[in-house]
Amino acid sequence: MSKIFKFIAKILLALLIFTVLWVVIYRFVPVPGTPLMLIRKISEGTPINHTWVPMEKISPDMAIAVVASEDAHFMEHNGFDWEQIEQAYTEAEKGKRLRGASTISQQTAKNVFLWPGRSWMRKGLEAYFTVLIEFFWSKERIMEVYLNSIETGEGLYGIAAVAEKNFKKSPDKLTKRECALIAATLPNPRRFSSKKPSKYIIKRQTAILKEMKYIRNSELSPVPAK
C-alpha cells in the first residue's frame, strides 16, 4: 500500500508543479487559445477568430463595462464573491431561477485552463486555478486575459475579434455604448448579438451604462483615475 500512496503522491506533486508553472508562464505570455476554442472547432467546425491584444490597446471602458456587468467587486475580492455566492444560494433555495455567481477571476480560470461543464470536478478545478491566478497574477493581468479569452460571438473570441467583426474598428476605438453593448451579450454571446442587439440586450446595455458611471468614479474601477 505504501508504494501506491507514494506513487499517487508523486503524481499529485507533478500535477501541482505543472499547473503552477502553467499559470506562471501565462502571467507573462499571451494565451494562444482556450479549450473552448478547440472544442468548438472539433465538434462544430467553427472557424476561430481570435487576436490577442495588450490591455493598452483595448478601450478602458471595456474593462469598466465587464466589471459593471459581470463582477462589481472584482477589484476587492480574492477571486470569490462570497456575498454573491450566498445570495445566489439563498435565491435557489427559495425556488428562484438559478443564476451564476462566478467572478471574472473564476471565469478566466475556467476559460483558459478548463473545459465547459457543471460537474463538481470541474468546479473544484476552477476554484483551484482561481486561487492560483489570484496569487500569481495581478488584477490587471486577470482582466487582460479575460478580455482576450472570452467568447464574444459565433466563432469570435476576445474583444479584438468582436470589435473588428461587429463594429469594423480596433478595440481601442470602441465607445462606451459599444463596450456596454458587448458586455450585455456576454452571458450568452452565441444567442445574443452586439451587431444586431435585441430589445432585451438594449435594456441590459442601458443598465450597464448607468452602472459604469458609478464604477468609473469609485474605488471599484479597474481603470486608474486620470
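First things first, this report covers the structure right here in the doc. The structure displayed is predicted, hence computed values, not measured ones. (Residues numbered from 1 in each chain as written. Predicted model: local features only at pLDDT ≥ 70, side-chain atom pairs only at ≥ 80, totals over all residues. Heavy atoms only, no water.)

### Some details on the nonpolar core
Grouped together as the largest cluster of nonpolar side chains are 52 residues, with contacts concentrated most on Met62, Val66, Phe113, Met143 and Leu147. Elements that contribute at least two residues to this core include exactly helix 1 (2-28), helix 3 (60-70), helix 5 (104-113), helix 6 (120-136), helix 7 (139-149), helix 8 (159-167), helix 9 (176-185) and helix 10 (199-216). With seven residues, helix 3 is the single largest residue contributor to this core. Among all residues touching Val66, those that are not within four sequence positions of it are Asp71, Ile104, Met143, Tyr146, Leu147, Ala183 and Leu186. (Core = buried A, V, L, I, M, F, W, Y, C linked by side-chain atoms within 4.5 Å. Buried < 20%, exposed > 50% of the residue type's maximum accessible area, 1.4 Å probe, protein only. Helix = DSSP H or I, 4+ residues; strand = E, 2+ residues; numbered from the N terminus. Contact = heavy atoms within 4.5 Å.)

### What to know about the sheet that holds strand 1 (residues 49-50)
The three strands are arranged 1-3-2 in an open sheet whose pairing can be described as mixed. Looking along the sheet, the strands with just one partner apiece sit at the ends: strand 1 and strand 2 (151-153). Where strand 2 lies against strand 3 (residues 156-157), two bridges are found, and the strand directions are antiparallel. When the bridges of strand 3 are listed, Glu151 appears paired with Tyr157. (Pairing = 2+ DSSP bridges.)

So yeah, pure geometry; function would need other evidence.
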